[in-house]
Amino acid sequence: MTTVLSFGRASQLAAALVSVVALSACNTAPVAPPVAAKPSLQSMLAQAGTASSTGQKEQAVKLWKQAAEVYPADKSPWLSIAQTRYEAGQYGDAIINAQEVLVRDPNDTLANSIIAISGLRLSTRSLADLSRQNNLSGSIRTESQDLAKLLRESLGETVLVPPAATVQPSPPPARGKVTAKKGGKAKQEDSSANPFDALK
C-alpha cells in the first residue's frame, strides 16, 4: 500500500516538474542575433570607386548594384554604372542604367546626355551596317535622312555623333584632335567616315 502511494506521489511530482519546465520554456524567448549596422552610402560608393579606379570595373558595378539595393531612392549608384557602361562602349546597358537615374531624377543632365549620345552611337553602328550591306534604301533611308536633318538643325552641327569619349570632360581621344568652338561645344577634327554622311 505504501509503495502504491509513493508511486502515485512520484507521478504527481514528475508531472508537476514537466509542467514547470514547459512553462519556463514558454517564457524564454529565443534571442535574435544582433543586426549588423547599415553601411553608409558614402562608404559603399567609395569602395566601388576604389575598385573602378584600379581597373576592376565589374567588381565596381557589383558594388554599385549592392548600394542601389540598400539605398533604392538614390540615383548615384545608377549614374556610376551608366557612366561605366558608356565608357566601355556598352551603349544599350548605359541607356538602361541612365533611365534608372531619370526615374529618380528626371532632370539629371548627365543621364540625359548618356542616353542621347549612346542612342546616337547605336544608330551610327546600325546605319554603318546597313550601308555596308547596301540595305540602306527605301523608307529606311528616307526616314534616316529626315532624322539626320532634324538632328543637325537641333544641334547646329554638321557632325551628328560626337567623338568616342566619356560624357564628362576628359582628355581628347588619341585618334583625333578636339578643338573648342564658341558656345562651349567641341568639334572633332577626324577623317574617319561617318555613316550619317550618306544621309546629307
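Residues numbered from 1 in each chain as written. Predicted model: local features only at pLDDT ≥ 70, side-chain atom pairs only at ≥ 80, totals over all residues. Heavy atoms only, no water.

**Digging into the confidence of the model for the protein**
What counts is decided by this rule: One confidence number per residue, pLDDT, is output by the predictor and ranges from 0 to 100. Pairs of residues are marked as contacts when any of their non-hydrogen atoms sit within 4.5 Å.
Summary statistics for the protein give a mean pLDDT of 75 and a share of 60% for residues scoring 70 or more. Segment residues 1-5: pLDDT under 50, and zero contacts once partners within four positions in sequence are set aside and those in other chains are kept.

**Some thoughts on the packing of aromatic side chains**
We apply this condition: Two aromatic rings from Phe, Tyr or Trp, using only the six-membered ring of Trp, form a pair when their centres are within 6.5 Å; if the ring planes differ by under 30 degrees the pair is stacked, by over 60 it is edge-to-face, and anything between is tilted. Any Lys NZ or Arg CZ found within 6 Å of a ring centre and within 35 degrees of that ring's normal is scored as a charge over the ring.
Scanning all chains against the criterion turns up one aromatic pair. Looking at Lys38, its charged tip hangs above the ring of Tyr71, at a distance of 4.4 Å from the centre.

**Looking at the packing of helix α5 (residues 91-104) against helix α6 (residues 109-132)**
Heads up, the condition is: Each axis is a line fitted through C-alpha atoms, taken for helices only over the stretch in contact, and angles between the N-to-C directions span 0 to 180 degrees. Per the convention used, a helix needs a DSSP run of H or I reaching at least four residues, while a strand needs a run of E reaching at least two, with both numbered from the N terminus. Geometric relationships in this document are graded by angle, where less than 35 degrees denotes roughly parallel, more than 145 denotes roughly antiparallel, 65 to 115 denotes roughly perpendicular, and other angles denote oblique. Helix crossings are classified by the rotation of the near helix relative to the far one: an anticlockwise turn of less than a right angle makes the crossing left-handed, while a clockwise turn makes it right-handed. Three classes are used: nonpolar for Ala, Val, Leu, Ile, Met, Phe, Trp, Tyr, Cys and Pro, charged for Asp, Glu, Lys and Arg, and polar for all others, with Gly counted as polar.
Contact geometry of α5 with α6 gives a least axis separation of 9 Å together with a crossing angle of 155°. By the angle between their axes, α5 is roughly antiparallel relative to α6. Pair α5 / α6 crosses with left-handed handedness. For the pair formed by α5 and α6, the contact residues are Tyr91, Gly92, Ala94, Ile95, Ala98, Gln99, Val101 and Leu102 on the first element and Ala111, Asn112, Ile114, Ile115, Ser118, Gly119, Arg121, Leu122 and Arg125 on the second. When grouped by side-chain class, the residues that make up the contact of α5 with α6 number 10 nonpolar, five polar and two charged.

**Quick notes on the packing of helix α4 (residues 76-87) against α6**
Contact geometry for α4 and α6: axes closest at 11 Å, N-to-C directions at 25°. Taken together, the axis directions place α4 and α6 in an arrangement best described as roughly parallel. Classified by chirality, the crossing of α6 by α4 is left-handed. Contact residues: Leu79, Ala82, Gln83 and Tyr86 in α4; Leu110, Ala111, Ile114, Ile117, Ser118 and Arg121 in α6. When the residues that make up the contact of α4 with α6 are grouped by side-chain class, the tally is seven nonpolar, two polar and one charged.

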